[in-house]
Amino acid sequence: MSAAHRSANRSVQRPRRLGLTPRGWIVSLIILVLAYLEFAPRLGWIDSFSLPPFSEILVHAGKLLVDGPFWATDLFPTLLAMGLSFVIASLLGVIIGLILWRFPPLRRVVDPWLTVYYAIPIFAVYPMIVVLAGVGLVPIVFLATLLAIVAVITATIDGLDSTPPMVLKLSDSLQLSPIARTVKILLPSAVEQINVGLRLALSFSIIGVLASEFILSTHGLGHFISNASEHFNMGNMYGGILLVLIFAFGLNMAFSALLRKRTRRIQG
Amino acid sequence: MGVAVELHEVDRVYGEVLALDPTTLSLAPGTFTTLVGPSGCGKSTLLDIVAGLNQGYGGEVLVGGTPLTGPRAHTGVIFQEAALLPWRTVIDNAAFALEAQKVPRQKRREVAFEVLRRVGLSEFAEKYPHQLSGGMRQRVAIARVLSTEPDLILADEPFGALDEQTRVILGLELLRVVRQTGATVIFVTHSIQEAVLLSDRILVMSARPGRVVLDADVHLPAERDPSLLADPHATELVEKVWGLLRAEAEEALTRQGGSV
Ligand SMILES: Nc1ncnc2c1ncn2[C@@H]1O[C@H](COP(=O)(O)OP(=O)(O)OP(=O)(O)O)[C@@H](O)[C@H]1O
Ligand SMILES: [Mg+2]
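Residues numbered from 1 in each chain as written. Chains lettered and ligands numbered in written order. Predicted model: local features only at pLDDT ≥ 70, side-chain atom pairs only at ≥ 80, totals over all residues. Heavy atoms only, no water.

**Q** Any chance you could break down the sheet that holds strand β5 (residues 66–67) of chain B for me, citing the residues and the numbers?
**A** Residues and elements named next belong to chain B. Spatially, the four strands line up as an open sheet ordered β2-β1-β4-β5, and their pairing is antiparallel. Whereas interior strands pair on both sides, the edge strands pair on one side only; in this sheet they are β2 (17–27) and β5. Direction of pairing for strand β1 (residues 5–14) relative to β2: antiparallel, over a ladder of seven bridges. Across the sheet, Val5 pairs through a bridge with Leu27, a residue of β2. Packed onto the sheet, helix α1 (residues 43–51) meets β1, β2 and β4 (58–63) and runs at close to 120° relative to β1. (Pairing = 2+ DSSP bridges. Helix = DSSP H or I, 4+ residues; strand = E, 2+ residues; numbered from the N terminus. Contact = heavy atoms within 4.5 Å. Axes fitted to C-alpha atoms, helices over the stretch in contact; angles between N-to-C directions.)

**Q** With reference to specific residues and values, describe the site of ligand 1.
**A** Residues and elements named next belong to chain B. Contacts to ligand 1 come from Tyr14, Ala19, Ser39, Gly40, Cys41, Gly42, Lys43, Ser44, Thr45, Glu157, His190 and Arg208. One nitrogen or oxygen atom from the side chain of Ser44 is found 2.6 Å from an oxygen atom belonging to ligand 1. Here His190 contributes a side-chain N or O atom positioned 3.2 Å from an oxygen atom of ligand 1. No other element matches the three residues that α1 contributes to the shell around ligand 1. (Near = heavy atom within 4 Å. Polar contact = N/O pair within 3.5 Å; in protein donor to acceptor, adjacent residues only side chain to side chain.)

**Q** Which residues make up the nonpolar core, and what are the values?
**A** Of all hydrophobic cores here, the largest spans 56 residues; its most connected members are Phe70(A) and Leu221(A). For this core, the elements supplying multiple residues, two or more each, are α3 (54–65), α4 (68–102), α6 (126–133), α7 (137–161), α9 (178–215), α10 (221–230) and α11 (234–267) of chain A. Among the elements that take part in this core, α7(A) stands out by supplying twelve residues, more than any other. Excluding its chain neighbours within four sequence positions, the residues that come into contact with Leu221(A) are Phe70(A), Asp74(A), Leu75(A), Thr78(A), Leu210(A), Glu213(A), Gly240(A) and Val244(A). Formed by 39 residues, the second largest nonpolar core is a distinct cluster that contains Ala180(A), Cys41(B), Val50(B) and Tyr57(B). (Core = buried A, V, L, I, M, F, W, Y, C linked by side-chain atoms within 4.5 Å. Buried < 20%, exposed > 50% of the residue type's maximum accessible area, 1.4 Å probe, protein only.)

**Q** Outline helix α5 (residues 104–116) of chain A, supporting the account with residue identities and numerical values.
**A** Taking 1.5 Å of rise per residue, the 13 residues of α5(A) would be expected to cover 18 Å, and the 19 Å separating its terminal C-alpha atoms lies within 8% of that figure. Its axis deflected by about 40° at Val110(A), α5(A) carries its strongest bend there, up to four residues before the proline Pro112(A). (Expected span 1.5 Å × (residues − 1). Bend = angle between axes of the 7 residues up to and from the residue.)

**Q** Before we move on, could you go through the pairing of strand β8 (residues 184–188) of chain B and cite the residues and values that matter?
**A** Residue and element names in this part refer to chain B. Judged by how many residues are buried, β8 sits mostly within the fold: five of five residues are covered. Neither face of β8 is exposed, since Thr184, Ile186 and Val188 on one face and Val185 and Phe187 on the opposite face are all buried. As defined by bridge partners, strand β3 (residues 32–36) adjoins β8 across four bridges and the pair is classed as parallel. Bridge pairing in β8 links Phe32 to Val185. Summarising the sheet, strand β7 (residues 152–156) and β8 pair through five bridges and their orientation is parallel. Each residue of the ladder has a partner; that of Ala155, found in β8, is Phe187. For the crossover from β7 across helix α6 (residues 164–181) to β8, the handedness is right-handed. (Right-handed = clockwise from strand over helix to strand, strands pointing away.)

**Q** Can you explain the interface of chain B and chain A? Please cite residues and give values.
**A** Each partner contributes to the interface: chain B provides 23 residues, whereas chain A provides 18 residues. Summed over both partners, the interface of chain B with chain A buries about 1800 Å², with 69% contributed by carbon and sulfur atoms. Three residues, Phe79(B), Trp87(B) and Phe96(B), lead the burial of chain B against chain A; their summed loss comes to 33% of the area buried on that side. Notably, a salt bridge pairs Glu99(B) with Lys184(A), separated by 2.5 Å at the nearest N-O pair. Across the chain B-chain A interface, the total number found is three residue pairs in polar contact (both at pLDDT 80 or more). Partitioned by chemical class, the residues of the side of chain B that touches chain A number 14 nonpolar, three polar and six charged. (Buried area = accessible area lost by both parts, 1.4 Å probe. Salt bridge = Lys/Arg side-chain N within 4 Å of Asp/Glu carboxyl O. Nonpolar A, V, L, I, M, F, W, Y, C, P; charged D, E, K, R; others polar.)

**Q** Would you mind going over the domain arrangement of chain A in detail, with residue names and values included?
**A** Examined at the domain level, chain A breaks down into domain 1 (14–51) and domain 2 (77–267). Taking only C-alpha atoms into account, the centre of domain 1 of chain A sits 33 Å from that of domain 2 of chain A. (Domains from an automatic or database assignment.)

**Q** Hey, could you go over the packing of aromatic side chains for me, with residue numbers and the actual values?
**A** Residues and elements named next belong to chain B. Applying the stated criterion to the full structure yields seven aromatic pairs over all chains. Residues Phe32 and Phe187 carry aromatic rings whose centres are separated by 5.6 Å and whose planes lie at 40° to one another, so their mutual orientation is tilted. Of this pair, Phe32 sits in strand β3 while Phe187 sits in strand β8, and the two are 155 residues apart along the sequence. The same class applies to Phe32 as to Phe187, namely buried. (Phe/Tyr/Trp six-rings, centres within 6.5 Å; stacked < 30°, edge-to-face > 60°.)

**Q** Tell me what's going on with the confidence of the model for chain B, and back it up with residues and numbers.
**A** Mean pLDDT over chain B stands at 91; residues scoring 70 or higher make up 98%. For this predicted complex, the interface score ipTM comes out at 0.89, while the overall pTM is 0.84. (pLDDT = per-residue confidence, 0-100.)

**Q** Please give an account of the pairing of β4(B) that cites residues and values.
**A** All names here are of chain B. As paired elements, β1 and β4 share five bridges and run antiparallel to each other. From the neighbouring strand, Leu7 faces β4, where its bridge partner is Val61. Looking at chain direction, β4 and β5 are connected through two bridges and run antiparallel. From the neighbouring strand, Leu62 faces β5, where its bridge partner is Pro67. Joining the antiparallel neighbours β4 and β5 is a turn of two residues, in which Gly64 adopts a positive phi near 60°.

**Q** Can you break down the sheet that holds strand β9 (residues 201–205) of chain B residue by residue, with the values?
**A** Residue and element names in this part refer to chain B. Taken in spatial order, the six strands make up an open sheet running β6-β7-β8-β3-β9-β10, and their pairing is mixed. This sheet does not close on itself; its edge strands, each paired only once, are β6 (75–78) and β10 (212–217). Strand-to-strand twist in this sheet, taken as the mean axis angle between neighbours without regard to direction, amounts to 15°. Both β3 and β9 contribute to a ladder of four bridges, which runs parallel. Residue pairing in the sheet places Leu35 in a bridge with Leu203 of β9. On top of the sheet, helix α5 (residues 134–146) reaches β6 and β7; it is set at about 170° to β6, its chief contact.

Here it is, written out as C-alpha cells:
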C-alpha cells in the first residue's frame, strides 16, 4: 500500500546477478579497485612516485589525522567553513523560499534568475569577493553559501507548491497565525522536497569550500592538497585527497541517515 | 446550540464573471440545509463566503446576528477531501482545531479522544491517515470539526469521493452527531437522494450565475433512515428537484453550445 511497504518488500527479494546481490557487487568492485591501487605501483605497472601504493596513502592519511598542526591549520578550518556554509545556506534558503512563495510578485521577479543560477560559473566572481572580503574564512564561507543556497531555495518553493489547497484552506478556516501556519502546516508539507535541497546544499558546501581553498587560500584542506601537489609531496597530496573523499562520503551518509530517521518520525 | 445565518443581497463577481447572483436567505438556528445545483453554479462560493474564506463579495452576511468579518472560531468546515495532515496521527489530527485555538495538550487530547469515540474511531487514535479508508478519514475530519463545539457547520460535498453506501452511512452519522450538538448546517451535495434524506430544507440553485430557484422544506420524521426515501413525499421531492436540475443543466448546455 504505502511506498515504505513496497520498498521493504523489494529489499527482501533483492535480485541476484551471477550469484551476487547488488551490495555484494559493489563491495567486490571496491575491493578490486583497492587491490589494483595497492599492487599496480608495487609491481611496477604504475610509477610508484606518481601513485604510491594504497596502504602507504592510508598510513599517511592516518598520520595526518593525529597531527595537531594539520588539524589546526587545515582540517579544522575546512570543516568549520563547510559546516557554516551548510547551516547558513539551509536556514537562509528555507526562509527565502518561504518569503518568495508567500509573495508571488517577488517570486515572478526572482524566478528566472533561480532557473539560470547554476549555469553561472560562480567561481568567476571569486576575485571580486576577495577584493571585497579579503582572504580567510569569510570569503570562503560566502562563496560556498552562494553555491549551496539556491538549491535550498528552489527545493523549498517546490515543496510549498505541493501543499494541497484543501490543507491551506483548513489553515485559513482555523485562523492559524502566520508562524503556526508555517511551522505546523507549510514546513511539514514541504519537508521531503526540502530534504532533497539540503542534501544538495551539503554537497555544494563541500565543493564550494574545497574549490575556494584550492583557488586562493593560505590554509584549509583544499589549500593543503594544492600546496602538496605544487611541491610534489605525493604523500600529503594523496593523503589529503583520501581524507576529502572519506569526509565527503561520511558526511553525506550521516546526513542521509539523519534525514531518513527524522522524516520517518515526522511522517510516521 | 445552533446559530442563525442571514444573507442579504450577497453576490460574488470574479473579474467579469458573475458567479453568484445577489442572494437573500435566512437559515433558522439548528436547521440542516442542503444546497444542490449544477456544477459551477456557485455553491462552493456561497459556502466559502459564509465560512469567511472568500472575501470581496457584495452584500452582507450575519451569523448569530453579528456581521461576518472573517473565519469564526465556532464555524466548523468539512472539506471535500478530508484535509488531514498526513504526518500527524488520527488523534493529533482530531485535536488540531483545538491546538489552533491554543487549548493545552492534555485537555485537547481528551476532547479529541471523546469526539473520535463519537464517530467510532477511538481504536484508530494512534494510526496515521494513510492507514485509514477514505470514509474513516472523512470521519476524522468530522471529529476535528466537532471538537470545537461549533454552532455552524459548513460541508462542501464532504462525501463526494466515497461510494454510495458509505456516503449514506456517513451522512446519517453526521446528521446524528450534529443533531446532538444542535448546530446549524449548510451541506453541499450533488446527490439529490442524499439531500432529501439528510435535510430539513433543500435549496436548488440555477446554473451560473447561481440563484436559488427552489426553496423546499423536507417533511420527513426527525429520525432519518434510508427507508424514508421510499416515502411518497420523499419521492415527489426527488422528482421535483431532479426535474429542475435537468432543466438547468440543459440550459447550461445549450448556452455553451451557442457560444462555441
Ligand atoms: N477564484 C476564482 N476565480 C475566478 N473564478 C472562480 C473562482 N472560484 C470560482 N470561480 C468561478 O465561479 C463559478 C462558481 O464556482 P463554484 O466553485 O462556487 O461552483 P460550484 O457550484 O461549487 O461547482 P461544483 O459543483 O463543480 O463544485 C464557476 O464558474 C467558477 O469557475
Ligand atoms: Mg464546489
